[in-house]
Amino acid sequence: MKVFLFVKKAAAKILIYASLLLAAFIALVPVASCVITAFKPDEEYAATNVMELPAVWKSFSPSLAWIKEAFANFITAWQRADMLLAFRNTAIILFFVLLGSIMTGSMLAYVLSRFKFPGNGLIRSLFLFASLLPGIAMQVSLYRIMYELDFINTLYGYIIMQMGTDVISIYIFIQFFENISTSLDESAIMDGCTYFGVFFRILFPLLKPAIVTVLILKGVGTYNEYYAASLYLQDKTKYITVATCLYKFTGPLGNQYNLICAGLLITLLPALVIFILCQKQIYGGLTLGAVKG
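Residues numbered from 1 in each chain as written. Predicted model: local features only at pLDDT ≥ 70, side-chain atom pairs only at ≥ 80, totals over all residues. Heavy atoms only, no water.

Considering the confidence of the model for the chain
Note: predicted coordinates in regions of low pLDDT should not be interpreted at a detailed level. In this model, the chain carries a mean pLDDT of 84, and residues with pLDDT of at least 70 account for 92%. Overall, residues 289-293 carries pLDDT values under 50, and its contacts beyond four positions in sequence, including any with other chains, amount to five contacts. (pLDDT = per-residue confidence, 0-100. Contact = heavy atoms within 4.5 Å.)

Structure representation (structure tokens):
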């Protein structure tokens, strides 16, 4: 009996670790392929398979000429895709979208969670219904609205649209407000504090875990957003973003995947640096968000 239990536990552990190794392999192979492809010139990429190591790696030498040759695709991608402009536009969009989403989402959640009025439940239900609708199904109406407001091909119009489509952040803030005691509001009001004072001085600082969670979810979604950026920011000479700038390397005669991979790695660097520097706050925000929810 003991032998049977031992074999059963060993088989279960082997199955678990094998599954984890398989999942890691599936996740890492595309990344490894992208890194390898990014260091291959056009001729080598066309003549070799995607997992064959670049020739420049095999001829490594600590010299300026080798560095220039190895990172030629990165330099070309940066210049031809105008990635400096793309990063600037994306930074502007991220700043205002995140600021607007946090302020409007937290204020609306404050009203819905702290004030009981006719239609409160209806508004919550409508927000829930809106979150269930597929975004692609509303693009015709949304495009018409953007056209009538003259928001197409403008950075501020795209920013306003991105701020107005985040229902998930509202529910995250509502969940946090419902776990904060109303006695804080009542004692502050008794001391002469206004509702705005209660929100900004007392409740808003307590929303740090929720704010971190919203920053992560909304920030990643906005940074990677391609469809709406491509549809509404039509002037690709001025309004390119990080997600749309690499489209220049695609065409009817073929795609330059080595340059696309090089540009993709460049776009990953800011997110990787932010994650490394702020991983404690990121993990803390997500963990506390799960507990509060």
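Once you've had a look at it, read on.
Some details on the packing of helix 11 (residues 183-190) against helix 12 (residues 195-206)
The N-to-C vectors of helix 11 and helix 12 enclose an angle of 140°; their axes lie 10 Å apart at closest approach. Judged by the inter-axis angle, helix 11 sits oblique to helix 12. Both helix 11 and helix 12 take part in a crossing whose hand is right-handed. Within the contact between the two elements, helix 11 uses Leu184, Asp185, Ala188 and Ile189 and helix 12 uses Tyr195, Val198, Ile202, Leu203 and Leu206. Considered class by class, the residues forming the contact of helix 11 with helix 12 number eight nonpolar, no polar and one charged. (Axes fitted to C-alpha atoms, helices over the stretch in contact; angles between N-to-C directions. Helix = DSSP H or I, 4+ residues; strand = E, 2+ residues; numbered from the N terminus. Parallel < 35°, antiparallel > 145°, perpendicular 65-115°, else oblique. Left-handed = near helix turned anticlockwise from the far one by under 90°. Nonpolar A, V, L, I, M, F, W, Y, C, P; charged D, E, K, R; others polar.)

What about the nonpolar core?
Counting 27 residues, the largest nonpolar core has Ala38, Phe74, Cys245 and Phe249 as the members making the most contacts within it. At the level of secondary structure, the elements contributing two or more residues to this core comprise helix 1 (2-38), helix 4 (64-70), helix 5 (72-80), helix 6 (83-114) and helix 15 (257-292). One finds Ile174, Phe176, Leu203 and Ala210 within the second-largest nonpolar core, a separate group that totals 20 residues. (Core = buried A, V, L, I, M, F, W, Y, C linked by side-chain atoms within 4.5 Å. Buried < 20%, exposed > 50% of the residue type's maximum accessible area, 1.4 Å probe, protein only.)

Details of empty space enclosed by the protein
Counted by the stated rule, this structure contains one cavity of 30 Å³ or more. Estimated volume of the largest cavity: approximately 50 Å³. Around the largest cavity, the lining residues are Thr90, Ile93, Tyr158, Thr222, Tyr223, Glu225, Ala229, Thr241, Val242 and Ala243. Taken together, the elements giving at least two residues each to the lining of the largest cavity come down to helix 6 and helix 13 (208-224). Classifying every residue of the lining of the largest cavity by side-chain character gives six nonpolar, three polar and one charged. (1 Å grid on protein atoms, 1.4 Å probe; cavity = no way out; pocket = protein on both sides within 12 Å on 5 of 7 lines; lining within 4 Å. Points joined across faces, edges and corners; volume = space filled by probe spheres on them.)

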